[in-house]
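Coordinate inspection notes
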Amino acid sequence: MSSDITSPPKKPAESPPRRVRPPREPEASVVIDYLKQRSSLFSALVDLREAGWNSAAGDTYFLDRENNADNADDATRKKFFKMMVTVLHQLDKATSAISGAGSPPSPLTVLDLCLAPGGFTQGTLQLRPGSRVKGITLPMAEGGHKVLLNLRGNADVMNVLFHDITMFSNEFGLPAKLVPEDHPDKARFVDFRPFAMLRFDLVFCDAQMLRTQERGEHRGHLVERIRLRASQILIALGRIKQGGTMVMLLNHMEAPQCIDIIRDIDSISEVTVWKPEKIWGVKSTFYLIAKKVRSASDEAKKLLEKYRELWRKATLDGVYPEWTEKEVEEMLKDYGDRVIQLGTETWRVQAATLKRSAFIRREMDKENQPVRELVDVVGRVALEKEI
Ligand SMILES: C[S@@+](CC[C@H](N)C(=O)[O-])C[C@H]1O[C@@H](n2cnc3c(N)ncnc32)[C@H](O)[C@@H]1O
């Protein structure tokens, strides 16, 4: 029997989109090997992270999370704002960074870098009523997050400058007119130095590189990361009071650049790290808390010179810091034990959160034996005291 109704060709089943791994510093592998040899917790965590990268359910989870953040509606924005207020309270509970800053219980002077939506400012005003906050954050027109604080009704308490923090070239030692004419962003650099005359008890550096910000190819992932970090460190160190407190978002403690920053800040302050489970549990992100920052010291002045140079090289030449294997080994000889001391608790939190995550559990349900064994190992080593 013939028929002229032909059934449509069968579409091949569409496979779900996979995550693209962000570029990593090549010499991170030297640190990873070093840490794996010395910390069974870190070693198990690296394998568990890898299982996450290999899991299709993990891809779906992380892509959904990114999609929600990039296309947030008002309800999602409010949720994120509330979560940041909660994170601030948890951070203070764990470290007393806010309740102990300045001269308690007096109000604080606060500089909130990359402030939007403003949860940290809100939480700080709850913990230290009467505090005054200055903030800088990326304009929404450039892809920045929306500020959810009542700025108009509280103009005497909060003052927010909407600007890309990496473009204050004069602040970073390069007057705008000296930026070469052929630089793609020539017209966007400014001489204005934000809040230059003010000094602060507490400075937040909470920048997160945004996918929603349009940047030319000259601002690739690794270049922009050091531009953001250097810009925050320079503005923060230039304005924090002697003895002040600084809180900085960082990620991938096993990357040489991250270790270098921690070591620098550690050399002029009392450093701890803390990882919020709810927002950053499954990722390698954490906060560095620096108390009693000796901002007037010669070491701090040297750091200003160092980070000006890093900003300049990244901005003008598109160069990010790279280490040779030998330099990384030297860094670890000097500071490796301290990395383990500071990192262990953050690794414990990440391992425990990954172990409980829906996507790792999904792999276990699928009888994925290697992942099952890994989860067992993580459970065991997470209970061991490593330091
Ligand atoms: C993790 S959110 C900060 C959350 C904030 N601390 C809070 O408590 O609500 C990261 C922020 O970095 C900002 N940001 C990213 N790149 C920036 C840039 N180049 N200049 C200024 N702000 C930037 C984003 O707009 C976003 O507001």
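Residues numbered from 1 in each chain as written. Predicted model: local features only at pLDDT ≥ 70, side-chain atom pairs only at ≥ 80, totals over all residues.

In the nomenclature of an unreviewed UniProt entry, the protein chain is known as Ribosomal RNA methyltransferase FtsJ domain-containing protein of Ascodesmis nigricans.

Description of the domain arrangement of the protein chain
Looking at the assigned domains, one finds that the protein chain contains domain 1 (24-71 + 323-387) and domain 2 (87-321). Look at where the C-alpha atoms of domain 1 and domain 2 centre, and you get two points 26 Å apart. Taken together, the contact between domain 1 and domain 2 spans 22 residues of the former and 17 residues of the latter. At the level of secondary structure, the elements contributing two or more residues to the side of domain 1 that touches domain 2 comprise helix H1 (28-38), helix H3 (56-70) and helix H10 (325-356). With 11 residues, H10 is the largest single contributor of residues to the side of domain 1 that touches domain 2. Of the residues belonging to the side of domain 1 that touches domain 2, the class tally is 12 nonpolar, five polar and five charged. (Domains from an automatic or database assignment. Contact = placed C-beta atoms within 7 Å. Helix = DSSP H or I, 4+ residues; strand = E, 2+ residues; numbered from the N terminus. Nonpolar A, V, L, I, M, F, W, Y, C, P; charged D, E, K, R; others polar.)

Some details on unusual backbone geometry
The peptide bond linking proline 104 to proline 105 adopts the cis configuration, its omega dihedral lying at 5 degrees. Of the consecutive residues alanine 116 and proline 117, the connecting peptide bond is found in the cis state with omega at 0 degrees. Backbone geometry places phenylalanine 195, a non-glycine residue, at a positive phi of 50 degrees. By the secondary structure assignment, phenylalanine 195 is in the loop between strand E3 (158-162) and strand E4 (200-205). Exposure remark for phenylalanine 195: the 17 C-beta atoms within 10 Å place this residue in the partly exposed category. (Buried ≥ 20, exposed ≤ 12 C-beta atoms within 10 Å, placed from the backbone.)

Considering the pairing of strand E7 (residues 285-293)
In this structure, strand E5 (residues 240-251) lies alongside E7, joined through seven bridges in antiparallel fashion. Residue pairing in the sheet places asparagine 251 in a bridge with threonine 285 of E7. Pairing between strand E6 (residues 270-274) and E7: five bridges, direction antiparallel. Opposite threonine 272, over in E7, you have isoleucine 289 as the bridge partner. (Pairing = 2+ DSSP bridges.)

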